[in-house]
Amino acid sequence: MPMIVSVPLTLVPLAVYNIIAFGVLGSFPGDPWTAPIFTAELVSGARFTLIVGDLMIIAGLVLLFVEILKATRTGVVAMVDHILSMLVFVAYLVEFLSVREAANSVFFILTVIALIDVIAGFSITIAGARRDIAFGQGDPRL
């Protein structure tokens, strides 16, 4: 299995966040996370507005789902994936605590998503590994 599969997908929201926050693609007037993407009129008469920050969180949650599916693997590649996920979480945490542009709720929620990735990854792998361990020479059906 290629090592590229071990790269944590929670790295993608971190990179996209930094590209937008630091204006790599051009600066945005005001807070870029409150810019509306689209607005829809609902049947109830209420307006629903999806903003950039909401889209970042949705993308982070979708990638978290994929990361949880990846956590069901066992072996050396899975351990490398967990170590890299921990490093990505540390990067999120350090950036949240030390960078002014990261001091908002969108980045905090992305940081929590990275933390859940780390905790779920280790928990799922440990639970799966317990089922793979066979003790003694008893009945293999048990």
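The preceding data block contains the structure.
Just so it is clear, the model here is predicted, and its values are computed rather than measured.

Caption draft 1: Spatial organisation of the packing of helix α1 (residues 11-21) against helix α2 (residues 52-70). Where α1 contacts α2, the two axes come as close as 9 Å, and the packing angle between them is 160°. Judged by the inter-axis angle, α1 sits roughly antiparallel to α2. The chirality of how α1 crosses α2 is right-handed. Residue-level contacts link Val12, Pro13, Val16 and Tyr17 of α1 to Met56, Gly60 and Leu63 of α2. Class assignment of the residues belonging to the contact of α1 with α2 gives a composition of six nonpolar, one polar and no charged.

Caption draft 2: Inspection of the pattern of salt bridges at higher detail. Here the structure, examined in full by the defined rule, presents three salt bridges. Glutamate 67 is the partner of lysine 70 in a salt bridge, and the nearest nitrogen-oxygen pair spans 2.9 Å. With lysine 70 and glutamate 67 both in helix α2 and three residues apart, the pair spans about one turn of that helix. Since its relative accessible area comes to 13%, lysine 70 is described here as buried. Exposure remark for glutamate 67: the relative accessible area of 1% places this residue in the buried category. Across the pair aspartate 81 and lysine 70 runs a salt bridge, and its minimum N-O distance is 3.9 Å. Residue aspartate 81 is located in helix α3 (residues 76-98), and its partner lysine 70 is located in helix α2; the two are separated by 11 residues in the primary sequence. The two residues aspartate 81 and lysine 70 agree in class, both being buried.

What counts as what
Residues numbered from 1 in each chain as written. Predicted model: local features only at pLDDT ≥ 70, side-chain atom pairs only at ≥ 80, totals over all residues. Heavy atoms only, no water. Axes fitted to C-alpha atoms, helices over the stretch in contact; angles between N-to-C directions. Helix = DSSP H or I, 4+ residues; strand = E, 2+ residues; numbered from the N terminus. Parallel < 35°, antiparallel > 145°, perpendicular 65-115°, else oblique. Left-handed = near helix turned anticlockwise from the far one by under 90°. Contact = heavy atoms within 4.5 Å. Nonpolar A, V, L, I, M, F, W, Y, C, P; charged D, E, K, R; others polar. Salt bridge = Lys/Arg side-chain N within 4 Å of Asp/Glu carboxyl O. Buried < 20%, exposed > 50% of the residue type's maximum accessible area, 1.4 Å probe, protein only.

Worth remembering: the numbers are spatial, not functional.
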